[in-house]
Amino acid sequence: MMAKNSNKDILEIPHELPLIPLRDLIIFPNLVVPLFVGRERSINALEVAMRENHMVVLVTQKDVEVQNPTSSDLYQVGSVATVMQELKLPDGTAKALVEGMTRVKIKKFLQTDPYFKVEIEVVEEPVEKDIETEALMRNLISQFEECARLGKPIPPEVLVASLNIDEPGRLADFVAFHLNLKTDGKQEILEAIDAKERIKKVSSFLAKELEILRLGSKIQDKVKEQMTKTQREYFLREQLKAIQGELGMADERTAEVQELKEKIAKAKMPKEVRKKALKEVGRFEKMPPAAAEASVVRTYLDWIIGLPWSNKSKEELNIEKANEILNEDHYGLEKVKERVLEHLAVRKLAKEKMREAILCFVGPPGTGKTSIGKSIARALGREFVRISLGGVHDEAEIRGHRRTYVGALPGRIVQNIKQVGTNNPVFMMDEIDKVGADFRGDPTAALLEVLDPEQNNAFSDHYLEAPFDLSDVMFITTANILDTIPPALRDRMEVIHFPGYTEEEKVKIAQRFLMPKQLEAHGLKEENLKITEMAIKKIIREQTREAGVRNLERKMASICRQMAKMIVEGKKERFKVTPNNLSKFLGPAQFHYGLAEEKDEIGVATGLAWTEAGGEIIFVESTLMKGKGNLILTGHLGEVMQESAQAALSYARSKAKEFGVPEDFYGKYDIHIHVPAGAIPKDGPSAGVTIATSLISALTKNPVKKDVGMTGEITLRGHVLPIGGIKEKVLAAHRAGLKEIVLPMENKKDLDIIPKQVRKELKFVFAEDVSDVLKVALAKPLKPKKVINKDKK
């Protein structure tokens, strides 16, 4: 085979030659390249080539990681090269200088050990040059030059050499060798036999490279331009500072920084907080005004400076005046008022700083829990803050967001403290029992720190990242029920129960507070409208049935609106509302007042229940039907109440002989126990005695007294166990017009919390056993009698 080398000499290339596999390197014809040989078979092949004709086949392996390649690991097209020099190195490897001669294709592998030997075929390259080829060559050189101009590390001598190459194939090989292409890309060019096709491939690779270089150059220009602009602004700003310093003037930024430092000094912050604030001022001073971070830092500084670190309201420690204010705003609520006066007394006597009270007001809606918070603040001479926690699910509402978030702000506690301007307000948290929790965190966990006197002297808000002292804040929380408040949080608060108001208390509240308020709200005067005490009582009895006074206030507002309409229409200027004409304003009675039932009935007993809205009366109905001993329970009863019914039935069966009931009644009758108002869920053990009384009344055909109410849990042995919510239940019985109340014996101690007026109007009976209840509740006394079984007669 014949081939031309770079000196145009014609050389004979043997059909069989040793082969050296290359890693990550492509040898193109007509190029001189240094080659490092380290693998044993490659060194052997190099030595054979040096002994024979200095020719060797150089082929690239497909995978660089393969240490001992086989024939399948090598490309099929490579180059024959002349080994111009060889240098053996001390570590056993060799360095050779080779010059590519021509492309060859491997026909067959003759041997693999101790070196590769292959049979080859020289690839003939057409050397035709036309106008299109000339144009492609010029375009390629132009692209190559632009690459160098855009920053590609191409030596000037390489550019000059490319201009002197007039063969298209050789030019393509030369440019491809000096491009930063991957091995498979260069191999693709090596395998392109046609010169035009080869130039097009190289040109395509160059076009991609140029696009990347242009984009990089554009980005670099922008960065450089921005840097130049920033440096120019900095230089001019420094010059401006120097000029202003000479003229005795200060620039806007300097004045702003100075103002911030003065405010920090006046804020009387704790030492560590002041240190942090000054550090942030230092950062702010060094930032360019247009920087996004500058506005974030400035907002933070405004918040931290605006907090009342040392600003306190001066307390009023006059107990007589405080008592006067509390009585002026609210009627009743003696326990709450007493607690506030005790707090004032301790503040007056204590020389050292005392812990602030953390109170929890629990009671039905409309009983004055929220409104008394304002009165407490007024009595103490402090500012008042109120937030509602109902429906809050995000912990950040309490602790705030970290400054890394866009639009971050402190939590609602810090926000309200800043807004009120003092660090010792009365802080009311409404509806603490309605706080939720979800994936954003549990707000009640954050409240553990806020409402703990041992920890809240260094409350940490995520936004401030500095401790704020809440120990001077008097926290008051409100709730309708305690069950939904986590035990750890409940343990930190002093719970004060708000029971429902009595009828007399409601009348006084209506006369002293509600009526004047509604008259003023509707533009009326006292002479325009008067509601008699009996009319107010009728509203309370027949138009409302609640523990608080909200509905009572709405009814009075309705009367005022109608009176205002009559005055505007010129019908009447004055009107006196009495029980007789009340229905003209409010319509027919919404509730029946007086005895709960019109007459004594068999199988119907009156029970007392506790709800979130206060106390209520319930009726338990029992009836017998011929059947097979099934117990039917209806009225939307919960599990505990259903179990109470089963316990009552078991008790009745065990005492059947004493009640004068056939002992086998259970096998002949189905028993149906129903609690009316079936749409309302009911549960709890306190209806046990009521269910038992109703059931025994139905079995013995003995009516239950209509004016007797009862409550208590029962056991299988008939013992009556104590229950809760006594005050609310007794007030509900009083509202319903009952005359006699049966309570568990162990609840006798709770009579002290019942208002005196209610105690006077009701008769209380305390039971230890169901038999005690039956003696009072049933219209006729139970007499055991001998029962004759008719089946055996």
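Novice: Just to check I follow, could you spell out unusual backbone geometry for this structure?
Specialist: As a rule of thumb, non-glycine residues mostly have phi less than zero, and peptide bonds are mostly trans rather than cis. Cis rather than trans, the peptide bond between Asp113 and Pro114 has omega equal to 0°. Topologically, Pro114 is positioned in the loop between strand E7 (94-111) and strand E8 (116-122). Even without being glycine, Lys701 reaches a positive phi, approximately 60°. As for its position among the elements, Lys701 is in the loop between helix H24 (688-700) and strand E22 (708-710). Take Lys701: its relative accessible area is 55%, and that puts it in the exposed class.

Novice: Help me understand the pairing of strand E4 (residues 32-37), please; the structure alone is not making it clear to me.
Specialist: In regular strands, side chains alternate between the two faces of the sheet. Only one face of E4 is covered, namely the one carrying Val33, Leu35 and Val37; the face carrying Val32, Pro34 and Phe36 has none of its residues buried. Taken together, the six bridges between E4 and E7 define a ladder with antiparallel strand orientation. By the bridge assignment, Leu35 is partnered in E7 with Ala96.

Novice: Would you mind showing me how to read the nonpolar core here?
Specialist: Side chains of nonpolar character tend, in soluble globular proteins, to be buried together. Counting 51 residues, the largest nonpolar core has Met429 and Leu451 as the members making the most contacts within it. For this core, the element with the most residues is helix H9 (residues 292-306), which contributes seven residues. Apart from residues lying up to four places away in sequence, Leu451 is in contact with Ile358, Met429, Ile432, Phe475, Thr477, Leu489, Arg492 and Met493. The next biggest cluster of nonpolar side chains, apart from the first, holds 49 residues, and it includes Leu333, Ala357, Ile372 and Met566.

Novice: Please explain the side chain of Thr544 as it appears in this structure.
Specialist: Looking at where Thr544 falls in the secondary structure, it is placed in the loop between helix H18 (533-543) and helix H19 (550-568). In this structure Thr544 comes out as buried when scored by relative accessible area, which is 3%. Among the polar contacts listed, one links the side chain of Thr544 to the backbone oxygen of Ile540, at a separation of 3.1 Å. Beyond its immediate stretch of four places on either side in the chain, Thr544 contacts Ile539, Asn551, Leu552, Lys555 and Phe591.

Novice: Just to check I follow, could you spell out the side chain of Thr711 for this structure?
Specialist: Note on placement: Thr711 falls in the loop between E22 and strand E23 (713-714). Here Thr711 is in contact with Leu608, Ser686, Val689, Ile723, Lys729, Val742, Leu743 and Pro744, once residues within four sequence places are set aside.

Novice: Would you mind going over the environment of Glu503 with me for this structure?
Specialist: Along the chain, Glu503 turns up in helix H17 (residues 503-521). The spatial distance from the C-alpha of Glu503 to the C-alpha of Pro270 is 53 Å, given a sequence separation of 233 residues.

Novice: Looking at this structure, I do not really get the packing of H18 against H19. What am I missing?
Specialist: Angle between the axes and distance between the axes: these two values describe a pair of packed helices. It is at 10 Å that the axes of H18 and H19 come closest, and there the two elements cross at 120°. Considering their axes alone, H18 and H19 lie oblique with respect to each other. Read as a crossing pair, H18 and H19 show a hand that is right-handed. On H19, the residues that touch Ile539, Ile540 and Gln543 of H18 are Leu552, Lys555 and Ile559.

So, how was this worked out
- Residues numbered from 1 in each chain as written.
- Predicted model: local features only at pLDDT ≥ 70, side-chain atom pairs only at ≥ 80, totals over all residues.
- Heavy atoms only, no water.
- Helix = DSSP H or I, 4+ residues; strand = E, 2+ residues; numbered from the N terminus.
- Buried < 20%, exposed > 50% of the residue type's maximum accessible area, 1.4 Å probe, protein only.
- Pairing = 2+ DSSP bridges.
- Core = buried A, V, L, I, M, F, W, Y, C linked by side-chain atoms within 4.5 Å.
- Contact = heavy atoms within 4.5 Å.
- Polar contact = N/O pair within 3.5 Å; in protein donor to acceptor, adjacent residues only side chain to side chain.
- Axes fitted to C-alpha atoms, helices over the stretch in contact; angles between N-to-C directions.
- Parallel < 35°, antiparallel > 145°, perpendicular 65-115°, else oblique.
- Left-handed = near helix turned anticlockwise from the far one by under 90°.

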